[in-house]
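Close look at the chain arrangement
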Amino acid sequence: MIDLKVLRENPDLIRSTLKKRGVTLDLDEMIEKDKERRTRITEVQELKQQRNALSEEIGQLKRQGEEPAELMAQARDLAHKIKEKEDNQREIEQKFSELVQWIPNIPHDSVPVGTDAESNKFVRGMKTTPKTDFEVLPHWDICEALSMLDLKRAPKISGSRFILYKGMGALLERSLINFFLDLHTTKHGYTEIFPPILNPTDCLYGTGQLPKLEADMYRCRDDAFYLAPTAEVPLTNMHREEILLEKTLPIKYVAYTPCFRREAGSYGKEVRGITRVHQFNKVELVKYATPEQGYSEFEGMLSDAEAVVKMLELPYRVMLLCTGDMTFASAITYDIEVYAPGMDEWLEVSSISCYEQYQARRANIRYRKPGKGVDFVYTMNGSGLATPRTFIAIVENYQTKDGRIRIPTVLQKYMGTEYISK
RNA sequence: GGAGAGGUGGCCGAGCGGUCGAAGGCACCCGCUUGCUAAGCGGUUUCUCGUCGAAAGAUGGGACGGGAGUUCGAAUCUCCCCCUCUCCGCCA
């Protein structure tokens, strides 16, 4: 949720935001609705003020033993009028808030303007793709050969775009999750959370998946739950409707969860292998911070995620996403991409976003500044990391000429071996 | 799933139709005092939405789990829902 003051006082800022993001919304309608809404509020308030004065008077007379029938009749009339006006006002309020939910966050000044990934900006890391001295197999081939994935049987259970890990593949997956969690809890100071991942509508509005991404999520038929598309949802909603103490900030959480995405509209893209799937594992980082702490904590989160690819010794680069490639609620997003030589592609393994106060406004997450009132917190999150593509990168980068896979040093203690072979 | 108890400010906790935005405590902030790692005393401080104002602030509405209702008037009464606790049942 944007700050409504901006809508009133500086609508051009929002207009330029919409333009930068390539979003079309009827802003004038919203501004109009907002005005109407405030007029109605004032009307209702005036009536209530009258009623309160009358009630007060009646109360006093009654205490003196009188029975002010006429005043009471007057008050009754007022009460009817109030009810009518109030119903109407609530309706307008409702419509307005539905409209306003569609306004995306205002991008940070450093975010490049553009319509798609072409305009993303290289920040650091590897500039060119590394060369290998032999033909590297794409992950689907090497993993079949080493019985790490069962690409034939996954569809039998759940359909296309589901992963069935097997044997050393399953162990590698589990090892990655454990390595990520251990690193962030012991080295980076995050508190581990293992949250529920069936989340109600309110939570998805809170983090900004709804209303926009409705079609991209799985929904339960008999209960009002969505399957969380990311642990960001439970982790960020943990403190919804709370006023936190300033001294408790920043709060840093890490959680492993499976993530569920319908990937509606992506048919035909990236069909081969396990780059784009309906269910995947991810270790997610979430922070709550004060606005002052905000951007340094955000940079810290980026380096926490970056530490993972560094330790895995994968070729990677950090990209700053342009306005058109960023999600709706984000003010700024970095992607970490790793290179997969078998596919000859850069794969996004982490997306680190700062929402400033956008999510906090929606989920009503505030903090108290001692002696200086309350304000919304900054929220941010980042993958640290998502497994399928990390898995791909390992399998493709660590292939040996003789068809084995060497295990990255940091994973060896989790895997109990140095190589995966037939 | 059944029975009972309960959900009040940042936290704990009183209140059970009008004088209650809510005693008291903790915490916070501001003073003062004392001066063996810190304590004592006094004071302040709920949140939210309108309106006016550059702001400080002024003024009004609302909020006691959520929603509906009764009433001139609801934290207090009624109904529905949610959640927590205790007991029983069922069950991975």
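To start, this report covers the structure provided alongside it. (Residues numbered from 1 in each chain as written. Chains lettered and ligands numbered in written order. Predicted model: local features only at pLDDT ≥ 70, side-chain atom pairs only at ≥ 80, totals over all residues. Heavy atoms only, no water.)

A word on the protein's contact with RNA strand B
Selection rule: We call a residue near a molecule or strand as soon as one heavy atom of that residue lies within 4 Å of the molecule or strand. What qualifies as a polar contact is a pair of N or O atoms within 3.5 Å, subject to a donor-acceptor requirement within protein and to the restriction that residues adjacent in sequence count only when both atoms come from side chains. Under the scheme used here, helices are H or I runs from DSSP no shorter than 4 residues and strands are E runs no shorter than 2 residues, and both carry numbers assigned from the N terminus. Amino acid classes used here: Ala, Val, Leu, Ile, Met, Phe, Trp, Tyr, Cys and Pro are nonpolar; Asp, Glu, Lys and Arg are charged; the rest, including Gly, are polar.
Around RNA strand B, 27 residues are found, and the nearest of them are R37, R38, T42, Q45 and R366. Atoms of RNA strand B within 4 Å of the protein: sugar and phosphate make up 75%, bases the balance. Between RNA strand B and R90, the relevant distance is 3.0 Å, taken from a phosphate oxygen to a side-chain nitrogen or oxygen of the residue. Side-chain polar atom of R368 to a phosphate oxygen of RNA strand B: 3.1 Å apart, as the coordinates give it. Going through the elements one at a time, α3 (27-63), α4 (69-100) and β11 (365-368) are the ones with two or more residues in the surface near RNA strand B. A total of 14 residues in the surface near RNA strand B trace back to one element, the largest contributor, which is α3. Looking at the surface near RNA strand B, its residues break down into eight nonpolar, seven polar and twelve charged.

Side note on the packing of helix α7 (residues 168-186) against helix α10 (residues 291-311)
The description of two helices packed together rests on the angle between their axes and the distance between the axes. How we decide: Interaxial angle, 0 to 180 degrees, is taken between N-to-C directions of lines fitted to C-alpha atoms, where a helix line uses only the stretch in contact. Just so you know how the angles are binned, under 35 degrees is roughly parallel, over 145 roughly antiparallel, 65 to 115 roughly perpendicular, and the rest oblique. Here is the rule for handedness: rotate from the far helix to the near one, and if that takes an anticlockwise turn smaller than a right angle the crossing is left-handed, while a clockwise turn gives right-handed. Note on definitions: a residue-residue contact is assigned when non-hydrogen atoms from the two residues lie within 4.5 Å.
Contact pair α7 / α10: the axes reach a minimum separation of 11 Å and the direction vectors enclose 130°. Judged on the interaxial angle alone, α10 and α7 are oblique. Read as a crossing pair, α7 and α10 show a hand that is right-handed. Here α7 contributes F179, F180, L183 and H184 to the contact with α10, which in turn contributes D304, V308 and M311. Here the residues of the contact of α7 with α10 are counted per class, giving five nonpolar, one polar and one charged.

So, the environment of L204
Formally: When a residue's accessible area, from a 1.4 Å probe over protein chains only, is under 20% of the maximum for its type it is buried; when over 50% it is exposed; and in between it is partly exposed.
Relative to the helices and strands, L204 is located in helix α8 (residues 201-207). You can call L204 buried: its relative accessible area is 0%. Taking C-alpha positions, L204 is 6.5 Å from V233, a pair spaced 29 residues apart along the chain. Once residues within four sequence positions are removed from consideration, L204 is found in contact with N199, Q209, L210, M217, Y226, P229 and V233.

Quick word on α3
Heads up, the rule is: Any helix carries an expected span of 1.5 Å times its number of residues minus one.
Here α3 contains 37 residues, and its C-alpha end-to-end distance of 53 Å stays within 8% of the 54 Å for a straight helix at 1.5 Å per residue. Taken together, the buried positions of α3 are L27, M30, I31, K33, D34, R37, V44, L47, L54, I58 and L61. On the buried face of α3, the contacting elements are α1 (4-9), α2 (11-21) and α4. Of the residues flanking the start of α3, the one acting as N-cap is D26, its side-chain oxygen 3.3 Å from the backbone nitrogen of D28. Of the residues trailing α3, G65 is marked for its positive phi of about 85°.

Some words on the pairing of strand β6 (residues 251-260)
Worth spelling out the cut-off: At least two bridges found by DSSP between two strands is the condition for calling them paired.
Within β6, nine of the ten residues are buried, which leaves the element mostly enclosed by the surrounding structure. Examined bridge by bridge, strand β2 (residues 191-193) and β6 share three bridges and lie parallel to one another. Residue pairing across strands places I193 opposite A255, the latter belonging to β6. Relative to strand β7 (residues 279-289), β6 runs antiparallel, the two sharing ten bridges. Note on β7: the bridge partner recorded for F260 is Q279.

That's the geometry; what it means functionally is another story.
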